[in-house]
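# Topology and contacts: notes
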Amino acid sequence: MADPASLAQRAGELAGDAGALARKLDALSQQLTMATQQGAHAGTPFVFELTVFVLAVFVGYYVVWRVTPALHSPLMSVTNAVSSVIIVGALIAAGPSGLSFAKIMGFVAVTLAAVNIFGGFIVTQRMLQMFQRKK
Amino acid sequence: MSDSFSALLYLVASVCFIMALRGLSSPETARAGNIYGIAGMAIAILTTLVTPQIVSFWLIIVGLLIGGAIGTYIARQIQMTALPQLVAAFHSLVGLAAVCVASAAFAAPEAYGIGIRGEIHGSSLVEMAIGLTIGAITFTGSIVAFAKLQGLVSGRPLVFPGQHLVNAGLGILLILLIALFVMTEAPGIFALLVALSLAFGFLLILPIGGADMPVVISMLNSYSGWAACGIGFTLSNSLLIITGALVGSSGAILSYIMCKGMNRSIVNVILGGFGTESGTAPTGPGAGDKLVKSGSAEDAAFILKNAGSVIIVPGYGMAVAQAQHALREMADLLKKEGVQHVRYAIHPVAGRMPGHMNVLLAEANVSYDDVFELDAINHDFASTDVAFVIGANDITNPAAKTDHSSPIYGMPILDVERAKTVLFVKRSMASGYAGVENELFYRDNTMMLFGDAKKMCEEIIKALE
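The rules behind these values
- Residues numbered from 1 in each chain as written.
- Chains lettered and ligands numbered in written order.
- Predicted model: local features only at pLDDT ≥ 70, side-chain atom pairs only at ≥ 80, totals over all residues.
- Heavy atoms only, no water.
- Helix = DSSP H or I, 4+ residues; strand = E, 2+ residues; numbered from the N terminus.
- Contact = heavy atoms within 4.5 Å.
- Buried < 20%, exposed > 50% of the residue type's maximum accessible area, 1.4 Å probe, protein only.
- Pairing = 2+ DSSP bridges.
- Axes fitted to C-alpha atoms, helices over the stretch in contact; angles between N-to-C directions.
- Polar contact = N/O pair within 3.5 Å; in protein donor to acceptor, adjacent residues only side chain to side chain.

## Re the environment of Pro109(B)
Residues and elements named next belong to chain B. Among the secondary structure elements, Pro-109 is positioned in the loop between helix 4 (83-107) and strand 1 (115-116). Note: C-alpha distance between Pro-109 and Ile-120 (eleven residues apart in sequence) is 6.9 Å. Each residue touching Pro-109, except ones within four places of it in the same chain, is listed here: Ile-114, Gly-115, Ile-116, Arg-117 and Ile-120.

## Quick word on the pairing of strand 3 (residues 309-314) of chain B
In the case of a regular strand, side chains alternate between the two sheet surfaces. Residue and element names in this part refer to chain B. Of all six residues in strand 3, six are buried, a share of seventy percent or more. Neither face of strand 3 is exposed, since Ser-309, Ile-311 and Val-313 on one face and Val-310, Ile-312 and Pro-314 on the opposite face are all buried. Sheet topology places strand 3 next to strand 4 (residues 341-346); four bridges connect them, and they run parallel. What sits directly across from Ile-312, in strand 4, is Tyr-344. Note that strand 3 and strand 6 (residues 386-390) share five bridges and pair parallel. Following the sheet pairing, Ile-311 is matched in strand 6 by Ala-387.

## A closer look at the sheet that holds strand 8 (residues 446-450) of chain B
The strands that make up a sheet pair up through hydrogen bonds in the backbone, lying either parallel or antiparallel. Residues and elements named next belong to chain B. Taken together, the six strands give an open sheet; going across it, the order is 5-4-3-6-7-8, and neighbouring strands pair in parallel fashion. The open sheet has two edge strands with one neighbour each: strand 5 (371-373) and strand 8. Taking the axes of each pair of neighbouring strands and ignoring which way they run, one obtains an average angle of 25° across the sheet.

## Quick notes on the side chain of Ser56(B)
Residue placement: Ser56(B) occurs in the loop between helix 2 (27-49) and helix 3 (58-77). Here the side chain of Ser56(B) touches Lys103(A) through a polar contact of 2.9 Å, side chain to side chain. With sequence-adjacent residues up to four places away left out, Ser56(B) is seen in contact with Ala94(A), Gly95(A), Pro96(A), Ser97(A) and Lys103(A).

As structure tokens, then:
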């Protein structure tokens, strides 16, 4: 049983197996990274985005139906302010150093969206301030 | 800040926006909702500002300061009667901003991690083109809506022969261009796409008349959301996708409610031209022969004072004359004189945007407990002494229920004809937007009060005092 020669042989075999396994693992992990890289621009993230989108449409549908008709004007101005969240894309465009076409476009978009954000929220607040129960 | 942490903060911002809309389910929670909205926006902007891509801040700060100052100034100065055109103008800005962001993403895709110039990923190109197109349509469409509401151009539908053919052709051309753009990624096609979308936006809204504006504004509201959504897909940003979807569905629901309020299909509204055909000749033979009973402010004051219950029906005419304050004063006086119920009935499409009348009455300090929607109050007209219609016409026309050939047939109306007496404050006998004559004017229990809505209310107040 404890024959050193056979033990050494077994150890060698095992080491060989381990090496083969490691190589397989390496190949697998390479395949995996390739798959994720491909996935990053094809199927998976788009499906994820689509999932988010569809769920958000449903949330919007149910939330908006519950809005009282008396507040439809504030609803319109607040959704208008909120849709200016597009400023997120504009900030990234306006952020890099140096001057470029993209940066100027980003600047214009930041300015436009800022008009909307400040204007939209303030006018909504003005409107809502007026909706009071009197007496 | 790590990507997943900023994604988490974007999620918080999205939830804030949902809460902002949720708050609007009642006036008590609405102000808190707006604060949620502001908080969400602040979180979104700050989170973006600390991402490593942003290294140069001066242009951003200048933009925020200029835009913020302009927005604050306009929002504080604007009169509530001018709200519809303000909202239209704001929609156009969202549209233009979407076009700018799409252009920036096209010119410098590295900043957004969607490929390199000339080799942007296919799916991003599709999303970019769609966001760009909707943004450009929103921009010019809203400008036309603004010009019509502001009175810069006539509110009448602008129709020319072959219009629908031109629009349909342009629509198909746009789809082909998007496909071509995705395949070639050529800057020339990008520019062409912008130009054609801008033209399409103009042509789409031109044929739609003034009183259809509640639908148009809601529709453009919806478009601005879908544009944000398209940009969100391009940049793989969940916050933009969620927010865009919320705004898009909100606008779509409002469009649907407005269409239902007029018993018209959205297609019918978009095709436009409504209110032109029958606008020239009054319908019905010998319209001029029938007798109209017209009264003075003193007569009206006498009738109102002796009534037990009054329902006031405001319309766009009240907004134009800025009569809401005088009207509220008159209602207060009537209550003092012993009229038990003085209430307001709002038709869904009264005014030029959804909820327009409610805001104007709120501005004049009318308690929202006194203001009722069509379904809630329509049964009460039968037990009401006086219906006081001020600056409204089509939304009270019984022809919508009886005359199958009428263009407004099937539209839900406020049943003012069931009240014992109907008072119409109107500037003239002219027909309303739909170009249909209102037979109510000739009934025995109707009295016409000719004049400007605000002046008439002031004179009634004088007579009451």
